[in-house]
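Okay, here's what each chain looks like letter by letter:
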Amino acid sequence: MQEGYLQAYVDYFYITTETTPSTIVPSKKLQEEYKLNRIKKGKFIQTENSLLDLSDRLRMAEQCHRVGVGSEKHKEIEKSLSFYTGVAEEFNTLCDYETASYFFNRCLDVSVENKYDTGEALALQGLGKCEENVLNIFEAQTNLERARDKAVIAEDPRITKDISRDLVRVYQIIALDFQEKNDYDLSLKYFEKCLESSQ
């Protein structure tokens, strides 16, 4: 970390001090679940090996990002995104969606900076899933719709299909919620969105 990798140092500091700035706020319903201990957020286990591994991954992510900046070296950018996504997914498995969202935002920043639409699509998809997991369903919808649009621009049918699958699930949750509230017009609107996204 003392080799000039400032972003890696900052990210490492946030994780080891458990002060990662979150880009999402868990819904009130989820916060209640936390208080009642129905849902537990895991903690990153700080052992010598896990800290060394984390340090290496963050340093490699920043190094690959530096090589790719301002150039057409998408392979290096993809490597950088792969390292950041790996860290984000690790926190996803711990149900620490706030920290996961921080690293998906890092992916988004790197992708936007390098005009890499596929990376933007995947980062937005990750953010959408984090929002869904903290029960912010409309924020999830917004991120996933943006992700789908970026995947279409990137002309990547595989990613577009995967994001569309996530959108169908989110639309269905919203439709059922409106149905429970006897708001059948909005419920029907979201069921129609399910059909559109599944095509």
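Here the residue numbers are simple positions, counted from 1 along each chain's written sequence. For a predicted model such as this one, the threshold for reporting local features is a pLDDT of at least 70, and the threshold for listing and counting side-chain atom pairs is 80 or more; totals across whole chains, interfaces and linings nevertheless cover every residue. Excluded from the side-chain calculation are hydrogens and water; included are all heavy atoms of the structure.

Considering the overall build of the protein
Looking only at helices and strands, one finds nine helices and zero strands in the protein. Helices and strands in the protein line up, N terminus first, as α-α-α-α-α-α-α-α-α. It is over C-alpha atoms that the radius of gyration is taken, and the globule rule equals 2.2 Å times the number of residues to the power 0.38. Against the compact-globule benchmark of 16 Å for 199 residues, the protein has a radius of gyration of 18 Å, which places it among compact chains. Every residue pair with non-hydrogen atoms within 4.5 Å of one another is taken to be in contact. Looking at the protein alone, contacts between residues at least 24 apart form 62% of all its contacts between residues at least 6 apart. Here the protein has roughly 11200 Å² of accessible surface; of this, 52% comes from carbon and sulfur atoms. Positive: Lys, Arg. Negative: Asp, Glu. His and the chain ends are not part of the count. In this description, the location of a charge corresponds to atom NZ of lysine, CZ of arginine, CG of aspartate or CD of glutamate. Distance between charge centroids for the protein: 1 Å, based on 26 positive and 35 negative side chains. Segments assigned H or I by DSSP are reported as helices when at least four residues long, segments assigned E as strands when at least two residues long, and all are numbered from the N terminus. In this description, accessible areas are obtained by the Shrake-Rupley approach with a 1.4 Å probe, and a residue is regarded as covered only by the protein chains that are shown.

Side note on the confidence of the model for the protein
The predictor's confidence in any single residue is recorded as pLDDT, a number from 0 to 100. Taken over all residues, the pLDDT of the protein has a mean of 91, while the share at 70 or more is 95%. Ranking the elements of the protein by mean pLDDT puts helix H2 (residues 28–35) last, at 79, and helix H7 (residues 137–153) first, at 97.

Considerations on the packing of aromatic side chains
Only Phe, Tyr and Trp rings are paired, with Trp represented by its six-membered ring, and only when their centres lie within 6.5 Å; those with planes under 30 degrees apart are stacked, over 60 edge-to-face, the remainder tilted. What the rule picks out here adds up to nine aromatic pairs. Ring centres 5.7 Å apart and planes at 85° place the aromatic pair Tyr 14 and Tyr 102 in the edge-to-face group. Of this pair, Tyr 14 sits in helix H1 (residues 6–16) while Tyr 102 sits in helix H5 (residues 97–113); the two residues are 88 residues apart in sequence, bridging distant segments of the chain. By relative accessible area, Tyr 14 is classed as partly exposed at 23%. Classification of residues uses two cut-offs on accessible area relative to the type maximum, computed with a 1.4 Å probe and protein chains only: under 20% is buried, over 50% is exposed, and between them is partly exposed. Take Tyr 102: its relative accessible area is 10%, and that puts it in the buried class. Here Tyr 102 and Phe 103 contribute two aromatic rings whose centre-to-centre distance is 5.0 Å and whose plane-to-plane angle is 90°, an arrangement assigned as edge-to-face.

So, the packing of H5 against helix H6 (residues 117–133)
In contact at an axis separation of 8 Å, H5 and H6 are set at 160° when each is read in the N-to-C sense. Considering their axes alone, H5 and H6 lie roughly antiparallel with respect to each other. The chirality of how H5 crosses H6 is left-handed. Note on element contacts: H6 touches H5 through Gly 119, Glu 120, Ala 123, Leu 124, Gly 126, Leu 127, Cys 130 and Asn 133, opposite Tyr 97, Ala 100, Ser 101, Phe 104, Asn 105, Cys 107, Leu 108, Ser 111 and Val 112. Gly is put with the polar residues, along with every residue not named as nonpolar or charged; the nonpolar set is Ala, Val, Leu, Ile, Met, Phe, Trp, Tyr, Cys and Pro, and the charged set is Asp, Glu, Lys and Arg. Here the residues of the contact of H5 with H6 are counted per class, giving ten nonpolar, six polar and one charged. Fitted lines through C-alpha atoms give the axes, limited to the stretch in contact for helices. The angle between two N-to-C directions lies from 0 to 180 degrees. When describing relative orientation, an angle under 35 degrees is termed roughly parallel and one over 145 degrees roughly antiparallel, while 65 to 115 degrees is termed roughly perpendicular and anything else oblique. Left-handed describes a crossing whose near helix is turned anticlockwise from the far helix by less than a right angle; the clockwise case is right-handed.

Observations regarding the nonpolar core
General note: in soluble globular proteins, nonpolar side chains tend to be found buried as a group. Only buried residues count toward a nonpolar core, which is a set of Ala, Val, Leu, Ile, Met, Phe, Trp, Tyr and Cys residues joined through side-chain atoms within 4.5 Å. Within the largest apolar cluster, 48 residues are counted, with the highest numbers of intra-cluster contacts made by Ile 15, Leu 54, Leu 58, Tyr 84, Val 87, Phe 103 and Ile 163. With residues near it in sequence (within four places) discarded, Leu 58 still touches Ala 8, Asp 11, Tyr 12, Tyr 84, Val 87 and Phe 103.

Some points on the layout of surface pockets
Looking at the largest pocket, its volume works out to about 300 Å³. Elements supplying a minimum of two residues to the lining of the largest pocket: H7 and helix H8 (157–180). Ranked by residues supplied to the lining of the largest pocket, first place goes to H8 with four residues. Broken down by class, the residue content of the lining of the largest pocket amounts to six nonpolar, no polar and four charged. Of the two site types, the cavity is a set of points on a 1 Å grid over the protein atoms alone where a 1.4 Å probe fits but cannot get out, and the pocket is an open set with protein on both sides within 12 Å along at least five of seven lines, each lined by residues with an atom within 4 Å of a point. Grid points are joined across faces, edges and corners, and a volume is the space filled by probe spheres set on the points.

What to know about unusual backbone geometry
Excluding glycine, a negative phi dihedral is what most residues carry, and trans is how most peptide bonds are arranged. Even without a glycine there, the phi angle at Cys 95 is positive, about 60°. For Cys 95, the position within the fold is in the loop between helix H4 (74–93) and H5. The backbone of Glu 155 sits at a positive phi, close to 55°, despite the residue not being glycine. A relative accessible area of 69% places Glu 155 in the exposed class.

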